[in-house]
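In case you want the letters, here they are:
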Amino acid sequence: MSPARLRVSCLLLVTLATLIHLVGGSVAWQAAGVVALLLYLATLKGQLTRMAKGLLCAAGVLTLLALWRSPTSGQLLFEASGRFAFFATFVVALSMLRLPAYRSRLVRRCGQSMLLQPPSRRYPILSLGSALFGIILNIGVLNLFAAMIEKSNTLSAAQGRTWVQQARQRRMMLALLRGFSLAPLISPMGIGVAVVLSSLPQVTWPQLAPYILGAAALIFMAGWVVDYVTGPHPPANKTYVTPSLRPLAQFGFLLIGIVALVFSIAWLLDVRLPIAALLGAPSGALLWLAWQRRRLGYGGLPAAITTVHRQLPWLLSPSANEIVVLGAAGYLGHVCVGLVDTQQLAPLLAVLGPLGAFNAVLAMLMVVGLAQIGVNPIVTVTLSVGLLPTLGIEGLTPALIGASLMVGWALALMSSPMTASMLILSRFTRVPATRIGYRWNGRFLITVIPLLALWFGWSPF
């Protein structure tokens, strides 16, 4: 068996065992998933980035500290390992949706339709479109759409005007970046929702939705206004034929169907939304693949299963770093919360207590600020969502905490030059990531952060 196939086999064992445990509640299956996870990590030698290695080392140090300090270290580490396996399963489940999406003619037609819109409509359509596609493709939407933008934004398309070509590149790339960053907020299947709801079992999606959807609307409108004000506005080409948005509407209905499948599973099996997403995303991907191959007989299902089997190594092998970063962050967060004595947080409570709900704004800014110096938002959000509710600050509800951290995560993706999203855009535009994050996006951030501070500081919910 090749190393890639071995890694994928271990990862599928993690996924299967974790799903059975989450639905059936069997501790034995959780233990099987943890063992398979350790085997998977052992196969990743030489495959990990510096950040992933650093988080694994931090997890190892904290494991030793837990063995020394915690009277129930075995249970604590077992539960933390289960969270690592949960997030690994989450990455695998959502990655399955990329397979039919990358092979879909509808996706390509949507991309061309969005990019060829007139300047007055291009920002909102491209931003909303990248948010919708980001739900399914995750960071792959940046590679896909950035390549399309680079190909379509030629000097001839700008009628020989270099300044128009450069302005179009800036405006389209920023619309793409901001839309992609909204995907974790607007999607009930997003990784932000999974981190928050799995760490705060008392919070439900309907409780989060008013905060995060309202914040997403503020971010979208602020981005649109700043894009329009900063222009420029070259004369319109009156002979230009605007392409139809029907492909984007069709994709929207497809996405609604997948989300409806997830909510139906949550209702039928009486499980929490993150668990339903783990079951619904692969099911939706298989049905989508079967529809693409329906002419091959038996509803396309056998052909779809064969495609999944053949393409899994190609699909999951690049996810190693994503799995380790997200899983190790979840592991660290759970162990930290288990080791912290809430009585030792009394001095911190004395400082933060009088601020009440405004602490949500501080939490949002903390995620954004630490991202600028290279601390991945996944780590900050996972640790904070576990620790902040233990302070018991009046007016700072668990739902408000989770929502503010998720919004901080989205803003970090739009601003930090050290995130993967910014590095991808820098590669396509050949513009330094610091210039994209701070110069191109500076006016937007100055506009939207005070608006979000008002939203969380005086939220009506």
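Look up a bit, the structure's there.
Values in this document were obtained by computation on a predicted structure and should not be read as measured data. (Residues numbered from 1 in each chain as written. Predicted model: local features only at pLDDT ≥ 70, side-chain atom pairs only at ≥ 80, totals over all residues. Heavy atoms only, no water.)

(A) How the structure looks around the overall build of the protein chain. In terms of regular secondary structure, the protein chain is built from 22 helices and zero strands. By the compact-globule yardstick of 23 Å for 461 residues, the protein chain fits well, its C-alpha radius of gyration being 22 Å. On the principal axes, the C-alpha backbone points of the protein chain span a range of 75 × 60 × 45 Å. Residues counted as buried form 54% of the 461 residues belonging to the protein chain. Sequence-distant contacts, at least 24 apart, represent 79% of the contacts inside the protein chain between residues at least 6 apart. Counting only carbon and sulfur atoms, one obtains 67% of the accessible surface of the protein chain, whose full area is about 20600 Å². Across the protein chain, the mean location of the 32 positive side-chain charges is 22 Å away from that of the 7 negative side-chain charges. (Helix = DSSP H or I, 4+ residues; strand = E, 2+ residues; numbered from the N terminus. Rg over C-alpha atoms; globule rule 2.2 N^0.38 Å. Buried < 20%, exposed > 50% of the residue type's maximum accessible area, 1.4 Å probe, protein only. Contact = heavy atoms within 4.5 Å. Areas by Shrake-Rupley, 256 points an atom, 1.4 Å probe, with all protein chains shown as cover. Lys, Arg positive; Asp, Glu negative; His and termini not counted. Charge placed at Lys NZ, Arg CZ, Asp CG, Glu CD.)

(B) Broad picture of the layout of surface pockets. Here the largest pocket is characterised by a volume of approximately 1300 Å³. Around the largest pocket, the lining is made up of 46 residues, and of these N138, I139, E322, I378 and A420 lie nearest the centre. The biggest single contributor to the lining of the largest pocket is helix α20 (residues 420–429), with five residues. Broken down by class, the residue content of the lining of the largest pocket amounts to 28 nonpolar, 15 polar and three charged. (1 Å grid on protein atoms, 1.4 Å probe; cavity = no way out; pocket = protein on both sides within 12 Å on 5 of 7 lines; lining within 4 Å. Points joined across faces, edges and corners; volume = space filled by probe spheres on them. Nonpolar A, V, L, I, M, F, W, Y, C, P; charged D, E, K, R; others polar.)

(C) Summary view of empty space enclosed by the protein. Scanning the model with the defined rule gives two cavities of 30 Å³ or more in all. Of the volumes computed, that of the largest cavity is approximately 120 Å³. In this structure, the largest cavity is lined by 11 residues; those nearest its centre are P119, R122, A167, R168 and R171. For the lining of the largest cavity, the leading source of residues is helix α9 (residues 162–186), giving five residues. The class makeup of the residues in the lining of the largest cavity is seven nonpolar, no polar and four charged.

(D) A look at the environment of V164. Inspection of the secondary structure assignment puts V164 in helix α9. Take V164: its relative accessible area is 2%, and that puts it in the buried class. Separated by 192 residues in sequence, V164 and G356 place their C-alpha atoms 48 Å apart.

(E) Looking closely at unusual backbone geometry. Backbone geometry at D270 places phi at a positive 55 degrees, although glycine is not the residue there. Locating D270 in the fold gives a position in the loop between α12 (246–269) and α13 (273–292). Positive phi, normally seen in glycine, also occurs at Y298, with a value near 55 degrees. Look at Y298 and you get exposed, because its relative accessible area is 77%.

(F) Spatial organisation of a nonpolar patch on the surface. Together, L355, F358, L362, L365, L451, L454 and W458 make up an exposed nonpolar region whose accessible area comes to about 650 Å². Broken down by secondary-structure element, the contributors of at least two residues to the nonpolar patch are α17 (359–372) and α22 (442–457). In this fold, L362 is placed in helix α17. The class of L362 is partly exposed, set by a relative accessible area of 35%. (Patch = residues over 30% accessible without salt bridge, like charges linked within 9 Å, V, L, I, M, F, W, Y side chains within 5 Å. Salt bridge = Lys/Arg side-chain N within 4 Å of Asp/Glu carboxyl O.)

(G) Focus on the packing of α17 against helix α18 (residues 377–387). At a closest axis distance of 9 Å, the pairing of α17 and α18 adopts a crossing angle of 145 degrees. Helix-helix and strand crossings are classified by hand; for α17 and α18 the assignment is right-handed. Of the residues in α18, those touching α17 at M366, V367, L370 and A371 are P377, T380, V381 and S384. Among the residues making up the contact of α17 with α18, the classes are represented as six nonpolar, two polar and no charged. (Axes fitted to C-alpha atoms, helices over the stretch in contact; angles between N-to-C directions. Left-handed = near helix turned anticlockwise from the far one by under 90°.)

(H) Just the pattern of salt bridges, in detail. Scanning the model with the defined rule gives two salt bridges in all. A salt bridge links R98 to E322, with the nearest nitrogen and oxygen atoms 3.6 Å apart. Here E322 lies in helix α15 (residues 320–339) and R98 lies in helix α5 (residues 98–102), a separation of 224 residues in the sequence. Since its relative accessible area comes to 12%, R98 is described here as buried.

(I) Expanded view of the nonpolar core. Counting residues in hydrophobic clusters, the biggest one holds 158 residues, and the most contacted among them are F133, I136, L185, I219, V407, L411 and F456. For this core, the element with the most residues is helix α4 (residues 73–95), which contributes 13 residues. Not counting the four nearest positions on each side in its chain, F456 is found in contact with Y211, A215, A357, A360, V361, M364, L400, A403, S404 and V407. (Core = buried A, V, L, I, M, F, W, Y, C linked by side-chain atoms within 4.5 Å.)

(J) Representation of the side chain of S95. Examined against the element boundaries, S95 turns out to sit in helix α4. Excluding residues that lie within four positions of it along the chain, S95 makes contacts with L315, L316 and S319.

(K) Summary view of a positive patch on the surface. A grouping of R105, R108, R294 and R295 is seen on the molecular surface, where their side chains present a positively charged patch. Residue position: R105 is located in helix α6 (residues 105–115). Its relative accessible area of 66% is what places R105 among the exposed residues.

(L) View of the packing of aromatic side chains. This model, assessed by the stated rule, comprises six aromatic pairs. Ring centres of Y102 and W314 lie 6.2 Å apart, and the angle between their planes is 70 degrees; on these two criteria the pair is classed as edge-to-face. With Y102 in helix α5 and W314 in helix α14 (residues 301–316), this residue pair connects regions lying 212 residues apart in the sequence. What makes Y102 partly exposed here is its relative accessible area of 33%. Seen from their ring centres, F220 and W224 are 5.8 Å apart, and the 55 degrees between their planes marks the pair as tilted. Taken as a pair, F220 and W224 lie in helix α11 (residues 205–230) at a separation of four residues, close to a single helical turn. For F220, a relative accessible area of 13% corresponds to the buried category. Members of the aromatic cluster, each reached through a chain of ring pairs, are F86, F87 and F90. The positively charged end of R294 is found above the aromatic ring belonging to W291, 3.9 Å away from the centroid. (Phe/Tyr/Trp six-rings, centres within 6.5 Å; stacked < 30°, edge-to-face > 60°. Lys NZ or Arg CZ within 6 Å of the ring centre and 35° of its normal.)

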